[in-house]
Amino acid sequence: MTTIDATSTSVDGNPDTDRENFTLESTLDRWIAESTGFRLTPAQESAFATELRDAGIVSTLGFIAPLDFAAAVQLVRRIAQVSLDVAADVADLVEALVRVDRFGTAEQVSRVAQATADDLVVGVAVRTAGAAGPSKDVVVAEARVRSRWAPTWLVVPVDTPTGARTTALVVSEDAPTPGTAVDQSDLLVGSTAGSSAESVLWSAALLGAAERVVFAAAVVTREQGKPWSGRTYERLIDDPYVIVRFGRLRAELHATDRLLLDTVAGPESDRTAAAALLYSAASQVVTSVYAELPELVGAEVDRVDDLWDAAATLRRAALRHSVAWTEAIAGQGLLKPDVAAVPEQGEMTSASADVPVLRTHDEAVSAARSFAARLAVAAVERDHDRRHPVAELKDLARTGLLGVTVPAQFGGLAASTATLVEVVRIIATADGSVAQILQPHFGALEVIALSGTPEQQRFFFGEALNGARFGNANAELGTKAAGDIRTRLIHSPDGGFTVDGDKAYTTGSYSADWIPVSVRDPAGNRASALVSRTADGVDIVDDWSGIGQRTTASGSATFAGVRVFEHHVIAQWRAGEGSHLTGAKANLVHGAVNIGLAAGALAATRDYVLTKARPSKDLAIESVVEDPHVVRRYGRLAARLAVAESGLARAADLADAAGVDQSPASISAATIAAAETEALGSEIGLDIASELFALSGASSSRAELGLDRFWRDIRTHSLHDTMIWKYHQSGDALLSGAYYFGNRRTLY
């Protein structure tokens, strides 16, 4: 492969390359593949822009009614992987097209459509000063043109006699000077000086450029990085601190990339607030890259100055808009009293109701929301009293949610991972303990699906569809390592087996119907013995005393001579390679719990700020929502939550794809994505749950309000796994090309 060097003016070094043979996609693919450095030289950048123009980028982006905004956003992002400056030109072109498409008259749309079909550029002039001053006319504001492509048409900012700001479409060569009157027929009515499209497009450019810089830094670290003096590592990529910090950057970039997709796919009516959240998130990625990468790479690699320049350029580019004001815009929109509907509430469902079979994703999500609304009513009291949610779990059993992952051939929904984690996330917004109780339940169903015989599957899946819930008895204290199992199945003289042993952290088993007990069978293989909660010899003690997740009943259990039928023993060792996704799915459910709790904390913050919080006596304002710092910080937290939620959705989709593909690459990608999601979700959740009090004021710390439960629950639940090693997996995969299957590391 030919790489771009500092002397060539085109990709292959030949200025006379026959560009007519290149399509836009092939041209872009080639530049992305061959641009391995931190940034292009000015000559290379000019060559790249010319090739894109020659490949028909203007006519490609031109009106194909309706304008394909999503495709344009992804194109901008990909171009930024080669050149941020060229991506900015293309973003301006797309923004101009979007404005004309949405606000132009039929005649204006026709003009621009013909211009782009003829490969003529439409550009945007950016306001550089305030209003031009009082005038009886609509006048052009002071602005500048950014595009390198000499636009034929310009969208220019204008001011009206009333002081309102809008834009107009004018011929570039006739572009009037600031203060000149504009004909009413040239106005793009309703188009303001700023736009959500611009925020989305520029976020795409920032993320594409950030990906390039991170990848280039990883290559340099791998090929040239030298360990810090006094360290025993032979290579910098073996330094655990470097690995983890690269992993965190990668996790944040992946999740924010998905937020970009989700923002574009969302309803246009909600895009203003969503675009503000996205821009905040993209800017935070850029800030992390700028702060972290130069130190991670070190000072002794070639072209380290180029890395500094690239990181600084990226950071300056993020200043195109004020991040603080962008977050404030998001916060203002989200803190309006009429933005969020009051959640439905109701009594717990009747124990005599039939258990429905949920047939679609939407039905499962609807059932989860309805249950969560009921669950939230007494959540504070349950947490305060450490009361196990027995009645609430009976209600859950009647919703049909306990059977959503049952395969279709056994009468279930066969819910995707995406559906499962969304159900858990929704329930966690109301009560993290109940959401965590679902983790061992769905984990048990996964084991049965992978390792059970057809007869075992038919019986136990039928139990789940009828509302039966599975607990767990896996962990043992006093072993050499977590996960070691000493409990064994012993053959009984009169048939079947007996189980004797002690277990810890038996989340959900206190009120479960079935308890899967991790054991070693007589041959020493890993197995799961499914024991009825009411069987003789089963003693479950709710002695869990953690500061958070207080009502999970994650206490201890003793099994004394418990009889187990042979057909109730699941041979887990049969699972084979497919079991590698089991860990990823479990991590995603754990991540969904923490991210749901974070959403619950942010919703509780909003409710308290709107209904109870009082402004400082030193501020001449009527309400806390008029405090600019509260509004901005709330917007920032909302952006962080959006990143976590999008990261969860991305990882769930990768798990579903890997379940079909079953290739090592897809399974490893799903495993790493799940690890990133669990770690990043925990980190963001803790930030939100802590900041809750800073935004709400001193009175919000009163114990009877129970607002501290969100932080306590996330802090406690996030300790289920060592989160730093989740980031380590991601960084190791980037730097060393390692594959991960569960916690097993492999180099191919």
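The sections below set out a description of the structure shown in this document.

### What to know about the overall build of the protein chain
Phase 1: Secondary structure assignment for the protein chain yields 22 helices and 15 strands.
Phase 2: The C-alpha atoms of the protein chain give a radius of gyration of 29 Å, which matches the 27 Å a tight globule of 748 residues would have.
Phase 3: Based on the C-alpha atoms only, the size of the protein chain along its principal axes is roughly 95 × 60 × 55 Å.
Phase 4: When contacts within the protein chain are restricted to residue pairs at least 6 apart in sequence, long-range pairs at least 24 apart make up 75% of them.
Phase 5: Just so you have it, the protein chain exposes about 31,600 Å², and 52% of that area is on carbon and sulfur atoms.
Phase 6: For the protein chain, the distance from the average site of its 68 positive side-chain charges to the average site of its 94 negative ones is 4 Å.

### As for helix α17 (residues 454-465)
Phase 1: Its 12 residues give α17 an end-to-end C-alpha distance of 16 Å, which sits within 8% of 16 Å, the value for a rise of 1.5 Å per residue.
Phase 2: For α17, the set of buried residues is Gln456, Gln457, Phe460, Phe461, Ala464 and Leu465. Down the axis, α17 shows its buried residues gathered within 150° of arc, on one side only. What points out from α17, more than 90 degrees from its buried face, is the exposed set Glu455 and Arg458.

### Quick word on the side chain of serine 696
Phase 1: One can find serine 696 in helix α20 (residues 664-696).
Phase 2: A relative accessible area of 5% means that serine 696 is categorised as buried.
Phase 3: Within polar-contact distance, the side chain of serine 696 engages the backbone oxygen of leucine 692 at 2.8 Å.
Phase 4: When neighbours within four sequence positions are excluded, serine 696 is seen to be in contact with Thr605, Tyr608, Val609 and Ala613.

### Some points on the nonpolar core
Phase 1: Core analysis: the biggest nonpolar cluster contains 189 residues, and Ile57, Ile79, Leu293, Leu401 and Ile427 have the highest contact counts within it.
Phase 2: Examining the composition of this core, we find that 16 residues originate from one element, helix α7 (residues 196-224), more than from any other.
Phase 3: Non-local contacts of isoleucine 427, meaning those with residues more than four positions away in its chain, are made with Ala368, Phe371, Ala372, Leu375, Leu396, Leu401, Val434, Ala435 and Leu438.
Phase 4: With 17 residues, the next largest nonpolar core counts Leu489, Val499, Val564 and Val569 among its residues.

### Topic: the pairing of strand β10 (residues 526-532)
Looking along a regular strand, one sees the side chains alternate between the two faces of the sheet.
Phase 1: When you tally the buried positions in β10, you get 5 out of 7 residues, the bulk of the element.
Phase 2: Where strand β9 (residues 514-520) folds back onto β10 in an antiparallel hairpin, the turn is made up of 5 residues, including glycine 524, whose phi is positive at roughly 90°.
Phase 3: Bridge analysis of β10 against strand β13 (residues 569-570) gives 2 bridges, and the strand direction is antiparallel. Across the sheet, the residue bridging to serine 528 is isoleucine 570, located in β13.

What counts as what
- Residues numbered from 1 in each chain as written.
- Predicted model: local features only at pLDDT ≥ 70, side-chain atom pairs only at ≥ 80, totals over all residues.
- Heavy atoms only, no water.
- Helix = DSSP H or I, 4+ residues; strand = E, 2+ residues; numbered from the N terminus.
- Rg over C-alpha atoms; globule rule 2.2 N^0.38 Å.
- Contact = heavy atoms within 4.5 Å.
- Areas by Shrake-Rupley, 256 points an atom, 1.4 Å probe, with all protein chains shown as cover.
- Lys, Arg positive; Asp, Glu negative; His and termini not counted.
- Charge placed at Lys NZ, Arg CZ, Asp CG, Glu CD.
- Expected span 1.5 Å × (residues − 1).
- Buried < 20%, exposed > 50% of the residue type's maximum accessible area, 1.4 Å probe, protein only.
- Arc of directions from axis to C-beta.
- Polar contact = N/O pair within 3.5 Å; in protein donor to acceptor, adjacent residues only side chain to side chain.
- Core = buried A, V, L, I, M, F, W, Y, C linked by side-chain atoms within 4.5 Å.
- Pairing = 2+ DSSP bridges.

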